[in-house]
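Residue-level listing of the chains:
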Amino acid sequence: MTRIRSPRFQSKVMSADDAAALISDGDQVGFSGFTGSGYPKAVPGALARRVEAARAGGDNLQVGLCTGASTAPECDGELAGAGSISFRMPYQSDPVMRNAINAGDIDYIDMHLSHSGPVVRHGFLGPMDVAVVEITAVTPDGALIPSSSIGNNTVWLETARKVILEVNSWQSEDLEGMHDVYTAVHTPPHNVPIPLVEPGDRIGTPTLHVDPDKVIAVVPTDAPDRNTPFKEIDADSATIGNLYVDFLLHEVKQGRLPQSLLPLQSGVGNIANAVLGGLLAHPDLGHLTSYTEVIQDGMVDLIDAGKLDVASATAFSLSPEAAVKMNDRADFYRKHIVLRPQEISNSPEVIRRLGVLTCNGIVEADIYGNINSTHIMGSRMQNGIGGSGDFTRNAYISAFVTPSTAKGGAISCIVPMVSHHDHTEHDVMVVITEQGVADLRGLAPRKRAQEIIKVAHPAYRPMLEEYVERAARNANGAHTPHDLAQALSWHVRMLQTGSMLPA
């Protein structure tokens, strides 16, 4: 294979089935991959087949699985479906994996993404037995050219006892030079400041490095990333996107932001792309920058329009059309995009110092500004907190966006008390729905409640106002009034009748 240019690595080429046979029961395995980009395409399926064959013969084989973030059905889905996984961290979004987690079949640790690498490096999860990492190519001197994500690959390659490489020829060779691999991250007290002062700074090397003696297999592949089409931007999403842009422009007029804003971060999905579309459409905005986790379609469009000078991330999260464009024009985009290890892309200290403007989606918000971004009805895990906590707590301005209702209006996304806490009121500055903008900065709890109720759906505002009045009468203290029985009744009603609205 022409992409394996080191004789030392060529001697280790084998099939995915042979490589999977080198993984043992009880191993902790670090897979590459972040939001469906750069995950191994062949070894996970081979491992799932091996597990199923072992079970048919009366044997059990399970591994612990660590990644950068989510992967794809042919990775997370196949492994979970085969019963291969005993433990999973730090984030997932696969429905088969999700069902196994909620059934109690997989122990899942939902973790801030910036914490996941250090937790492994510091040994809190035990030894890393095997790393399975997708790359684009191996150079003649044995350096590894990363693929469409870096994620936690630097940690996996550093800590794993054994390494399996997948060399994917689908990934564009012109990705070479897009990556900035900074590895001077250590265990305290030996950490040093990360010398990054602008989103586009390059402070590392363009390649990954591994001890060749640890590499036990090299598997050639030629398979695309999972690039999921985004839904068409609906009217509510477009409204939310425009409201967020208007809010940022108001901050510019108030002198709190420069005309080119500050580095932007946005979560993944339809509303996030609507926000980016609002930035694209506004004639007064240009020379923007981004310091985020993933490069989405909207950011590619901003680069194409000459409005986004540089975007720093750890991975792509693109539609199929945008992925083709990225592969075809990677030599152009690498002038504007920097892909970093997630320890750097999600570094709380760097985020705080750069003054990042964050925008993330939610499951629900309560009237005091607490956010649930992970659990349905308090118990059922959806995906995970991802990097939203890394960015929110350290943002210059932290915003959360959501439609005011879900399930055709049966569920209010603004509730008296969230059923699960991910982001506390102390970190949440702005909440935006299609109903408007709730700016919570500088407001005490009861004033926050008044502001947030304004962005609830009109069908639920009277119920929320009545709740506030009742809580003020019945609460044992007036700072953050709650009537616990009444607050929980919203979620109980949803469980019993399928709607938060009274019968």
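Here's a quick rundown of the structure.

Calculation criteria
Residues numbered from 1 in each chain as written. Predicted model: local features only at pLDDT ≥ 70, side-chain atom pairs only at ≥ 80, totals over all residues. Heavy atoms only, no water. Buried < 20%, exposed > 50% of the residue type's maximum accessible area, 1.4 Å probe, protein only. Helix = DSSP H or I, 4+ residues; strand = E, 2+ residues; numbered from the N terminus. Pairing = 2+ DSSP bridges. Contact = heavy atoms within 4.5 Å. Disulfide = S-S within 2.5 Å. Axes fitted to C-alpha atoms, helices over the stretch in contact; angles between N-to-C directions. Nonpolar A, V, L, I, M, F, W, Y, C, P; charged D, E, K, R; others polar. Salt bridge = Lys/Arg side-chain N within 4 Å of Asp/Glu carboxyl O.

Attention shifts here to the pairing of strand S25 (residues 436–439). Burial of S25 is one-sided: the residues Gly 436 and Ala 438 facing one way are buried, the residues Val 437 and Asp 439 facing the other way are not. Relative to S25, strand S24 (residues 430–433) runs antiparallel, the two being bridged by 4 bridges. Paired with Thr 433 across the two strands is Gly 436, which belongs to S25. Counted along the chain from S24 to the antiparallel partner S25, the turn is 2 residues long.

The subject of this paragraph is the side chain of Thr 402. Summarising the element assignment, Thr 402 is placed in the loop between strand S20 (397–401) and strand S21 (405–406). Setting aside chain neighbours within four positions, we find Thr 402 in contact with Ile 240, Ile 271, Ile 362, Cys 413, Ile 432, Thr 433 and Glu 434.

Turning next to the state of the cysteines. Covalent bonding between the sulfur atoms of two cysteines defines a disulfide. In this structure the tally under the stated criterion is 0 disulfides. Its sulfur unpaired, Cys 66 is 12 Å from the next cysteine sulfur, which belongs to Cys 75. Overall, the relative accessible area of 0% leaves Cys 66 in the buried class. Assessed through its relative accessible area of 0%, Cys 75 is described here as buried.

So, on to the sheet that holds strand S16 (residues 364–366). Strand pairing in a sheet relies on backbone hydrogen bonds, with the paired strands running either antiparallel or parallel. The strand order across the open sheet formed by 3 strands is S17-S16-S23, and the pairing between neighbours is mixed. Among the strands making up the open sheet, the edge pair consists of strand S17 (371–372) and strand S23 (414–415). Where S16 meets S17, 2 bridges bridge the pair, whose relative direction is antiparallel. By the bridge assignment, Ala 365 is partnered in S17 with Ile 371.

The contact between helix H17 (residues 461–474) and helix H18 (residues 484–497) brings their axes to 10 Å, and the two run at 145°. Taking contact as the criterion, the partners of Met 463, Leu 464, Glu 466, Tyr 467 and Arg 470 in H17 are, on H18, Gln 486, Ala 487, Trp 490 and Arg 493. Here the contact of H17 with H18 is composed, by residue class, of 5 nonpolar, 1 polar and 3 charged.

By the definition in use, this model includes 21 salt bridges. The salt bridge involving Arg 8 is made with Asp 213; its shortest N-O contact spans 2.4 Å. Of this pair, Arg 8 sits in helix H1 (residues 7–10) while Asp 213 sits in the loop between strand S7 (162–168) and strand S8 (215–221), and the two are 205 residues apart along the sequence. A relative accessible area of 44% means that Arg 8 is categorised as partly exposed. Glu 343 is the salt-bridge partner of Arg 121, the closest N and O atoms lying 2.6 Å from each other. Residue Arg 121 is found in helix H6 (residues 113–121), and its partner Glu 343 is found in helix H13 (residues 342–345); the two are separated by 222 residues along the sequence. Assessed through its relative accessible area of 14%, Arg 121 is described here as buried. On the basis of relative accessibility, which here comes to 11%, the residue Glu 343 falls in the buried class. Each member of the salt-bridge network shares a partner with another, and the members are Glu 251, Arg 256, Asp 439 and Arg 441.

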